[in-house]
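Coordinate analysis (summary)
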Amino acid sequence: GAVVSQHPSWVICKSGTSVKIECRSLDFQATTMFWYRQFPKQSLMLMATSNEGSKATYEQGVEKDKFLINHASLTLSTLTVTSAHPEDSSFYICSARDGGGAGGPGEQYFGPGTRLTVT
Amino acid sequence: LAKTTQPISMDSYEGQEVNITCSHNNIATNDYITWYQQFPSQGPRFIIQGYKTKVTNEVASLFIPADRKSSTLSLPRVSLSDTAVYYCPVDGGYNKLIFGAGTRLAVHP
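1. Examining the sheet that holds strand β3 (residues 19-25) of chain A
To summarise the sheet geometry, strands pair through backbone hydrogen bonds and adopt either a parallel or an antiparallel arrangement. Residues and elements named next belong to chain A. Strand order in the open sheet formed by four strands is β1-β3-β8-β7, with antiparallel pairing between adjacent strands. The sheet terminates laterally at β1 (4-7) and β7 (67-73), the two strands that pair on one side only. Taken pair by pair, the neighbouring strands of this sheet meet at an average axis angle of 20 degrees, ignoring direction. Where β3 and strand β8 (residues 76-81) come together, six bridges link them in antiparallel fashion.

Okay, structure coming up:
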């Protein structure tokens, strides 16, 4: 199947600083990517939909000024956590969907995740 | 917003067949049903996808009744490495997946 990568796989930052996480579709183009957050022992929570060439669409309750999303190309989306605080410590996962075809709507491929720890 | 309901946890033993059922009462007519597996500190991994009746691949089978309000993931002869959380997210519109709590499967020796 298709591959989605994330970088970095883990990051530790100090409170008040900003952190950028990259999500790349390695062997397919993705006009849409998605960002999720997952706290320990909990399910994935959708944060936003990243649209290539346009603004991201945020889910209710997600601060768009805190979680900046940029989708500059068909293979790259970035999530920047601005002015990070300890409560932002979480596992951030991105996904991208291939185009699908006659056999179905296409699969959504997930990245390996990025563990963010804010001290 | 469409939601799913699954058992919170299940226990099994190596070599047994495991069936995990997901209720998705409000699934849209055009939506496919997809199951994912997630190991700790990893992203979800696609297992199987179907629209109706039965689908089988090299790792699992998916059973979908005619009303499509539920689906059952069947894992034949599980091993310790199948210990994971299993999800059946629904389409929340615009291809975004909405995850429920998932089922935590523990396989014992």
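Read on for the rest.
2. Some words on the sheet that holds strand β8 (residues 84-87) of chain B
All names here are of chain B. Read from one edge to the other, the open sheet built from five strands follows the order β1-β11-β8-β3-β4, with strand pairing classed as mixed. At either end of the open sheet lies a strand with only one pairing partner, and these are β1 (9-13) and β4 (45-50). The sheet shows a mean angle of 25 degrees between the axes of neighbouring strands, taken without regard to direction. As paired strands, β1 and strand β11 (residues 103-108) are joined by five bridges and run parallel to one another. By the bridge assignment, Ser-9 is partnered in β11 with Arg-104.

3. As for the pattern of salt bridges
Scanning all chains against the criterion turns up three salt bridges over all chains. For A:Glu59, the salt bridge goes to B:Lys96, with nearest N and O atoms at 2.7 Å. In this pair, A:Glu59 is assigned in the loop between β6 (57-58) and β7 and B:Lys96 in the loop between β9 (90-91) and β10 (97-98), connecting two distinct chains. A:Lys66 serves as the salt-bridge partner of A:Asp88, at 2.8 Å between the closest nitrogen and oxygen. Of the two residues, A:Asp88 sits in the loop between β8 and β9 (90-97) while A:Lys66 sits in the loop between β6 and β7, which places them 22 residues apart along the sequence. Considered together, A:Asp88 and A:Lys66 belong to a single accessibility category, that of buried residues.

4. Observations regarding the interface of chain B and chain A
With 19 residues of chain B at the interface, the matching set in chain A holds 23 residues. Across the chain B/chain A interface, buried area totals approximately 1600 Å², and carbon plus sulfur atoms make up 53% of it. Contact with chain A buries area across many residues of chain B, yet B:Asn95, B:Lys96 and B:Phe99 alone supply 27% of it, more than any other trio. Where chain B meets chain A, there are one salt bridge. Between chain B and chain A we count nine residue pairs in polar contact (both at pLDDT 80 or more) in total. Looking at the side of chain B that touches chain A residue by residue, the classes come out as 10 nonpolar, seven polar and two charged.

5. With respect to the confidence of the model for chain A
Here chain A averages 91 in pLDDT, and 92% of its residues register 70 or above. Confidence scores differ between elements of chain A, with strand β10 (residues 108-110) of chain A showing the lowest mean pLDDT of 91 and strand β11 (residues 114-118) of chain A the highest of 98.

6. Description of the packing of aromatic side chains
According to the stated counting rule, one finds 10 aromatic pairs over all chains in the structure shown. Ring centres of B:Tyr87 and B:Phe99 lie 5.3 Å apart, and the angle between their planes is 80 degrees; on these two criteria the pair is classed as edge-to-face. With B:Tyr87 in strand β8 and B:Phe99 in the loop between β10 and β11, this pair connects stretches of sequence that are 12 residues apart. Judged by its relative accessible area of 9%, B:Phe99 falls in the buried class. Taken together, the ring pairs in this structure connect A:Tyr36, A:Phe110, B:Tyr36, B:Phe46, B:Tyr87 and B:Phe99 into an aromatic cluster. When the ring centre of A:Phe67 is taken as reference, the NZ or CZ atom of A:Lys66 above it lies at 6.0 Å.

Calculation criteria
- Residues numbered from 1 in each chain as written.
- Chains lettered and ligands numbered in written order.
- Predicted model: local features only at pLDDT ≥ 70, side-chain atom pairs only at ≥ 80, totals over all residues.
- Heavy atoms only, no water.
- Pairing = 2+ DSSP bridges.
- Helix = DSSP H or I, 4+ residues; strand = E, 2+ residues; numbered from the N terminus.
- Axes fitted to C-alpha atoms, helices over the stretch in contact; angles between N-to-C directions.
- Salt bridge = Lys/Arg side-chain N within 4 Å of Asp/Glu carboxyl O.
- Buried < 20%, exposed > 50% of the residue type's maximum accessible area, 1.4 Å probe, protein only.
- Contact = heavy atoms within 4.5 Å.
- Buried area = accessible area lost by both parts, 1.4 Å probe.
- Polar contact = N/O pair within 3.5 Å; in protein donor to acceptor, adjacent residues only side chain to side chain.
- Nonpolar A, V, L, I, M, F, W, Y, C, P; charged D, E, K, R; others polar.
- pLDDT = per-residue confidence, 0-100.
- Phe/Tyr/Trp six-rings, centres within 6.5 Å; stacked < 30°, edge-to-face > 60°.
- Lys NZ or Arg CZ within 6 Å of the ring centre and 35° of its normal.

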